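# Fold and geometry: a report
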Amino acid sequence: MGVADPDAASGADGEGRAQRRPSELVEQPAKVMRLGTMIKQLLEEVKSAPLDEAGRARLAEIHRRSLSELEQGLAPELVEELERITLPLTDGTPTEAELRIAQAQLVGWLEGLFHGIQTAIVAQQMAAQQQLQHMRLALPGGGPGMPGQGGPQPGGPQPGGEGEEPPGTGQYL
């Protein structure tokens, strides 16, 4: 459930869609987070107290509206996935068990979505760090601690020679 695979999160599904960054999948992150928190709290309430018919009808309507609002905050790929995995509640008043299952499924999907996006972001950050490291090493003289980068040069003046102060550590911001 959810988007644990960074390739799936980016829309690489074999249908020729361009890859999307994780930040593009949730078009309205604050809205999705608020709705996710509300849905999770509703699930907790449903677990702790029995609902009469009016309460179940009200919760079913909240569930339908929550799905509609969530879809407005998500990229089309995620809307399609959400529609595929959520089963509609019955036309009449659903039972408490149906409501619990629907709410738990939605909470689980949202948690999977958030974890999948976090995983994809971490993977992107690691790839960017590796790319930066490769770029540093490709610079003339190599990276820090590499030959030609501020260290003593063979045949050149050596730090700490006659009348020369040893180099300071310096502070870089």
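Think of each chain on its own: its residues are numbered from 1, step by step along the sequence as written. Side-chain atom pairs in this predicted model are given and counted only at pLDDT of 80 or more, local residue features only at pLDDT of at least 70, and totals for whole chains, interfaces and linings cover all residues. The basis for the side-chain values is all heavy atoms of the structure; hydrogens and waters are excluded.

In the annotation of an unreviewed UniProt entry, the entry for the chain reads Bacterial proteasome activator, and the organism field reads Ornithinimicrobium faecis. UniProt positions are given in the numbering used here, feature names are shortened, and annotations may be inferred rather than shown by experiment. The Sequence similarities (unreviewed entry) field of the UniProt record for the chain holds the comment "Belongs to the Bpa family." The UniProt entry for the chain carries the following comment under Subunit (unreviewed entry): "Forms a homooligomeric, either hexameric or heptameric, ring-like structure which stacks co-axially with the proteasomal alpha-rings."

Numbering of helices and strands runs from the N terminus, with a helix taken as a DSSP run of H or I at least four residues long and a strand as a DSSP run of E at least two residues long. When you go through the chain residue by residue, the secondary structure sums to six helices and zero strands. In sequence order, the secondary structure elements of the chain are arranged as α-α-α-α-α-α. Partly exposed describes any residue whose relative accessible area lies between the buried limit of under 20% and the exposed limit of over 50%, with all areas from a 1.4 Å probe on protein chains only and scaled to the type maximum. Buried residues in the chain amount to 28% of all 173 residues. Any two residues whose heavy atoms approach within 4.5 Å are treated as being in contact. Summarising the internal contacts of the chain: among those between residues at least 6 apart in sequence, 71% fall at separations of at least 24. Accessible surface area values rest on a Shrake-Rupley calculation with a 1.4 Å probe, where residue burial reflects the displayed protein chains alone. Carbon and sulfur atoms make up 56% of the accessible area of the chain, which amounts to about 11600 Å² in all.

Take the pattern of salt bridges next. By salt bridge we mean one thing: a side-chain nitrogen of Lys or Arg within 4 Å of a carboxyl oxygen of Asp or Glu. Inspection of every chain in the model, using the stated rule, returns six salt bridges. Measuring nitrogen to oxygen at the nearest pair gives 2.8 Å for the salt bridge that ties Lys 31 to Glu 69. Placement of the pair is Lys 31 in helix H3 (residues 29-48) and Glu 69 in helix H4 (residues 53-73), with a sequence separation of 38 residues. For Lys 31, a relative accessible area of 14% translates into the label buried. The class for Glu 69 is partly exposed, based on a relative accessible area of 32%.

Closest axis-to-axis distance for the helix H5 (residues 76-85)/helix H6 (residues 96-138) pair is 11 Å, and the angle between their directions is 150°. On the basis of their axis angle, the class for H5 and H6 is roughly antiparallel. Here the hand of the crossing between H5 and H6 comes out right-handed. Contacts between H5 and H6 involve Leu 78, Glu 81, Leu 82 and Ile 85 from the first element and Gln 105, Leu 106, Trp 109 and Leu 113 from the second. Ten residues, namely Ala, Val, Leu, Ile, Met, Phe, Trp, Tyr, Cys and Pro, are considered nonpolar, four, namely Asp, Glu, Lys and Arg, are considered charged, and the remaining ones, Gly among them, are considered polar. In terms of residue class, the contact of H5 with H6 is made up of six nonpolar, one polar and one charged. Only the stretch in contact is used when fitting a helix axis, every axis being a line fitted to C-alpha atoms; angles between N-to-C directions are given from 0 to 180 degrees. Should an angle lie under 35 degrees it is considered roughly parallel, over 145 roughly antiparallel, and from 65 to 115 roughly perpendicular; all remaining angles are considered oblique. In a left-handed crossing the near helix is turned counterclockwise from the far helix by less than a right angle, and in a right-handed crossing that turn is clockwise.

The next thing to look at is the confidence of the model for the chain. pLDDT gives the predictor's per-residue confidence on a scale running from 0 to 100. Here the chain averages 75 in pLDDT, and 68% of its residues register 70 or above. Predicted confidence for residues 1-17 stays below pLDDT 50, and this span has 33 contacts to residues more than four positions away or in other chains.

One recurring pattern in soluble globular proteins: nonpolar side chains tend to sit buried together. Judged by nonpolar contacts, the single largest core of 19 residues is most densely connected at Leu 70, Leu 74, Leu 82, Leu 106, Trp 109, Leu 110 and Leu 113. Those elements that place two or more of their residues in this core are H3, H4, H5 and H6. Beyond its immediate sequence surroundings of up to four residues, Leu 82 is in contact with Leu 67, Leu 70, Glu 71, Leu 74, Leu 106 and Trp 109. The criterion is simple. A nonpolar core is a set of buried Ala, Val, Leu, Ile, Met, Phe, Trp, Tyr and Cys residues joined through side-chain atoms within 4.5 Å. Leu 42, Leu 59, Ala 60 and Ala 102 belong to the second largest nonpolar core, which has seven residues in total.

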